[in-house]
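The primary structure of each chain is shown beneath.
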Amino acid sequence: MLEEEKTLKERFGNENHFSVPEGYFERLTAEVMAKLPEQEAQVVPLSTVRKKSFRPFYYAAACLLALILSATIYIIGEKMEQPTIVSATHVEMDDSDQALDEYVDYTMVENAEIYACLFDE
């Protein structure tokens, strides 16, 4: 690219070969306005001017309300579905062997460990 630029500068120099006629920009506006067709100014009554609409704001508010409502319902539903934890420490035990066997089966601990805990006196 540098060689091309060098060649162009050697051939044409640094001089600007383009020019604008004198007074061109001063006359430009008047010439353009003269070429436009003549039209009378039109008066638009206020009744035909569209008033500013608030519909987009109503739509945005409705979407925001729907989002908040659905999030609230989701959070409340999630709290209601949490399982209840049942503690095995509140199992009523009587002196019968059947209750002790059910407790052993429920906790899935070896019989010797439970007997040692229950009857350690």
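Quick look at the structure, then. (Residues numbered from 1 in each chain as written. Predicted model: local features only at pLDDT ≥ 70, side-chain atom pairs only at ≥ 80, totals over all residues. Heavy atoms only, no water.)

Focus: the overall build of the protein chain
So, point 1. A count of helices and strands for the protein chain gives 5 helices and 0 strands.
So, point 2. When the helices and strands of the protein chain are placed in sequence order, the string is α-α-α-α-α.
So, point 3. For the protein chain, with 121 residues in total, the buried portion stands at 3%. (Helix = DSSP H or I, 4+ residues; strand = E, 2+ residues; numbered from the N terminus. Buried < 20%, exposed > 50% of the residue type's maximum accessible area, 1.4 Å probe, protein only.)

What to know about the packing of aromatic side chains
So, point 1. Applying the stated criterion across every chain, the model contains 2 aromatic pairs.
So, point 2. Their ring planes at 80° and their centres at 5.2 Å tell us that Tyr-24 and Phe-25 sit as a pair that is edge-to-face.
So, point 3. Phe-25 sits in the exposed class, given a relative accessible area of 59%.
So, point 4. An angle of 45° between the planes, with centres 6.0 Å apart, marks the rings of Phe-54 and Phe-57 as tilted.
So, point 5. Accessibility expressed as a relative area gives 51% for Phe-57, which makes it exposed. (Phe/Tyr/Trp six-rings, centres within 6.5 Å; stacked < 30°, edge-to-face > 60°.)

Notes on the pattern of salt bridges
So, point 1. A complete count under the given rule lists 1 salt bridge for this structure.
So, point 2. A salt bridge links Arg-27 to Glu-31; the shortest N-O distance between them is 3.6 Å. Linking Arg-27 with Glu-31, this pair stays in helix 2 (residues 24-35), spanning 4 residues, or about one helical turn.
So, point 3. Relative accessible area serves as the criterion here: at 37%, Glu-31 is assigned to the partly exposed category. (Salt bridge = Lys/Arg side-chain N within 4 Å of Asp/Glu carboxyl O.)

Let's talk about a nonpolar patch on the surface
So, point 1. Nonpolar side chains collect at one region of the surface, where Val-20, Tyr-24, Phe-25, Leu-28, Val-32, Met-33 and Leu-36 lie side by side and expose about 660 Å² of accessible area between them.
So, point 2. In this fold, Phe-25 is placed in helix 2. (Patch = residues over 30% accessible without salt bridge, like charges linked within 9 Å, V, L, I, M, F, W, Y side chains within 5 Å. Areas by Shrake-Rupley, 256 points an atom, 1.4 Å probe, with all protein chains shown as cover.)

Some points on helix 2
So, point 1. If you check helix 2, its first and last C-alpha atoms are 16 Å apart, about what 12 residues at 1.5 Å a residue would give, namely 16 Å.
So, point 2. Of all the 12 residues making up helix 2, 0 are buried; the element is thus mostly uncovered. (Expected span 1.5 Å × (residues − 1).)

Honestly, it's all geometry; don't read function into it.
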